[in-house]
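Understanding the architecture of this molecule
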Amino acid sequence: MLRVHFTAEDLARVRVAPGPDPMWEILLSLHVLRQRSATPVFGTWRANVRTTLPGDARWLMQLAPPVGYSPDFLTPTAGSCALDAGIDAVLSTPVECLRADLAQLDGRHRDPRTHLLASGDVATLDSLGEALRGYHRQALAPFWDEIRAGVDADRAVRARSFLDNGCEGMLSALHPTISWASPVLRIESRFPQRDVHLHGQGLVLVPSYFCWERPIMLRDQRHPPVLVYPIARDLHIAATGKRSLEALLGRTRAAALEVIAGGCTTTELARRLGISAASASAHASVLRDAGLAVAQRHRNSVLHTASALGVELLA
């Protein structure tokens, strides 16, 4: 059992990450690649990427075993959506932290580069950065729209949960393994009981596509407190799902609903889809008239969000 202790100040500082965190998705997708239990949800993705993985992916798999501890320095970001910033943060890890994290890994079949990495060798760190970029490019980037759409839909659900039930209600509804009894959030875990005190820092909730089975928190508390949790498993990465939505709504309108699920203005919708503002407004109007989206004027802009029906359709 993992017990996270909140103060009133912590509850006021809970927030949901603005989108999928590339570093967490890299780490957790490396786990999924070797977890047979994940096949029903991620089987199509695994079949697609296994034949195209770069050679350095094997080293990354050794650094991120599917069972047990994975080095905390691989996920230094607190819900950031920027790949380059995340990799830069990994490469800026102090040598003592690299050494401490890697010392906790199983030493069997360890790549020789891991020893150099623990010493802070610059060339090896650069190789790690290139390995992370190459893996993201081959395994995640082709599916990033689907990953982002799933996370955006989850964020819309959390927003409604917060509005209906407040922060404590939202926390208790994050996942079946989570329960809330003020002021403690309890998370079922395979590891020995551990208590985490937030001390007024708040908590960043990171919805993750590749988080599998149960939520995760970093063991080392040198980073800002982050709780990574699985999004709803009704969606899985499969081309058939996206084709079905496109067949129903049309390609551009299906893409518009995915963007709107995360909340956006008409201008942002146009920019994301690469269409004119007038076309974006027309697509948003059709979705709104169909009951799949809602619009609210905020200052000089109109904010579009998916309705409950729209979120269910995406799922």
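Placed above this text is the structure.
Attention in this report is confined to the structure presented alongside it.

On to the overall build of the chain. Of the regular secondary structure elements, the chain holds 14 helices and eleven strands. Against the globule reference of 20 Å for 315 residues, the chain gives a C-alpha radius of gyration of 20 Å, in line with a compact fold. Its C-alpha atoms put the chain at 60 × 45 × 35 Å along the principal axes. Looking at the chain alone, contacts between residues at least 24 apart form 71% of all its contacts between residues at least 6 apart. For the chain, the accessible surface area stands at approximately 14,800 Å², while carbon and sulfur atoms represent 52% of it. Separation of charge centres in the chain, based on 34 positive and 31 negative side chains, amounts to 3 Å.

One open sheet accounts for four strands, arranged S3-S4-S1-S5; its pairing is mixed. Looking at strand neighbours, the two that pair on one side only are strand S3 (178–181) and strand S5 (194–197), the edges of this open sheet. Neighbouring strand axes in the sheet, compared pairwise and without regard to direction, differ in orientation by 20° on average. Where helix H9 (residues 144–172) meets the sheet, its contacts fall on S3 and strand S4 (184–187), and the angle it forms with S3 comes to roughly 145°.

Counting through the fold element by element, Thr75 comes out in the loop between helix H4 (57–63) and helix H5 (83–91). By relative accessible area, Thr75 is classed as buried at 2%. The residues contacting Thr75, other than those within four sequence positions of it, are Met23, Trp24, Leu27 and Leu218.

Taken as a whole, this structure holds two cavities of 30 Å³ or more when the rule is applied. Approximately 50 Å³ is the volume found for the largest cavity. No other element matches helix H2 (residues 22–32), which puts four residues into the lining of the largest cavity. By residue class, the composition of the lining of the largest cavity is eight nonpolar, no polar and no charged.

Our next topic: the pattern of salt bridges. Within this structure, the stated rule accounts for nine salt bridges. The salt bridge involving Arg158 is made with Asp154; its shortest N-O contact spans 3.0 Å. One end of the pair, Arg158, and the other, Asp154, are both in helix H9, four residues apart, so they sit about a helical turn from each other. Judged by relative accessible area, which is 8%, Arg158 ranks as buried. Using a relative accessible area of 5% as the deciding quantity, one classes Asp154 as buried.

Within the element layout of this structure, Glu168 appears in helix H9. Residues Glu168 and Trp180 lie twelve residues apart in sequence; the distance between their C-alpha atoms is 7.2 Å. Apart from residues no more than four positions distant in its own chain, Glu168 is found in contact with Leu11, Trp180 and Ser182. A polar atom in the side chain of Glu168 sits 2.7 Å from the side chain of Trp180.

Okay, the environment of Ser127 next. As for its placement among the helices and strands, Ser127 is situated in helix H8 (residues 122–140). In this structure Ser127 comes out as partly exposed when scored by relative accessible area, which is 30%. The residues contacting Ser127, other than those within four sequence positions of it, are Asp56 and Trp59.

Our next topic: the pairing of strand S1 (residues 2–5). When a strand is regular, its side chains alternate between the sheet's two faces. Here S1 pairs with S4 via four bridges, running antiparallel. Across the sheet, residue Arg3 finds its bridge partner in S4, namely Arg186. As paired strands, S1 and S5 are joined by four bridges and run parallel to one another. Pairing of Val4 across the sheet is with Val196, part of S5.

Time to look at the nonpolar core. Among soluble globular proteins, nonpolar side chains are generally buried collectively. Counting 51 residues, the largest nonpolar core has Phe42, Trp45, Leu63, Leu128, Tyr135, Leu140 and Phe210 as its most contacted members. Core analysis: the second largest hydrophobic core is formed by 21 residues, Leu245, Leu249, Leu257 and Ala306 among them.

Rules used in this analysis
- Within every chain, residues take consecutive numbers counted from 1 along the sequence as written.
- Since the coordinates come from a predicted model, pLDDT governs what is reported: local features require at least 70, and pairs of side-chain atoms require 80 or more to be given and counted, while whole-chain, interface and lining totals use all residues.
- Heavy atoms from the whole structure form the basis of all side-chain values; hydrogens and water molecules are not counted.
- Secondary structure follows DSSP: runs of H or I at least 4 residues long count as helices, runs of E at least 2 residues long count as strands, and numbering of each begins at the N terminus.
- Each radius of gyration is computed over the set of C-alpha atoms, and the globule rule expresses the reference value as 2.2 Å times the number of residues to the power 0.38.
- Only heavy atoms matter for contacts: two residues are in contact if any of them lie within 4.5 Å across the pair.
- Each accessible area is a Shrake-Rupley estimate made with a 1.4 Å probe; only the visible protein chains count as cover when residues are assessed.
- Just so you know, the count uses Lys and Arg for positive and Asp and Glu for negative, and it drops His and the chain ends.
- To locate a charge, take NZ of a lysine, CZ of an arginine, CG of an aspartate or CD of a glutamate.
- Pairing between two strands is assigned when DSSP locates at least 2 bridges connecting them.
- For helices, the axis comes from a line fit to the C-alpha atoms of the stretch in contact; other axes are also lines fit to C-alpha atoms, and the angle between any two N-to-C directions lies between 0 and 180 degrees.
- Buried residues are those whose accessible area, probed at 1.4 Å on protein chains only, stays under 20% of the maximum for their type, while exposed residues exceed 50% and partly exposed ones sit between those limits.
- Think of a 1 Å grid over the protein atoms and nothing else: a 1.4 Å probe that fits but is trapped marks a cavity, an open set flanked by protein within 12 Å on at least five of seven lines marks a pocket, and residues with an atom within 4 Å of a point count as lining.
- Grid points are joined across faces, edges and corners, and a volume is the space filled by probe spheres set on the points.
- The classification used treats Ala, Val, Leu, Ile, Met, Phe, Trp, Tyr, Cys and Pro as nonpolar, Asp, Glu, Lys and Arg as charged, and all other residues, Gly among them, as polar.
- Within this document, salt bridges are pairs made up of a side-chain nitrogen of Lys or Arg and a carboxyl oxygen of Asp or Glu, the two lying within 4 Å of each other.
- Contacts described as polar in this section are N or O atom pairs within 3.5 Å, which, within protein, must combine one atom able to donate a hydrogen with one able to accept it, while residues neighboring in sequence count only if both atoms come from side chains.
- By nonpolar core we mean a set of buried residues, namely Ala, Val, Leu, Ile, Met, Phe, Trp, Tyr and Cys, connected to one another through side-chain atoms within 4.5 Å.

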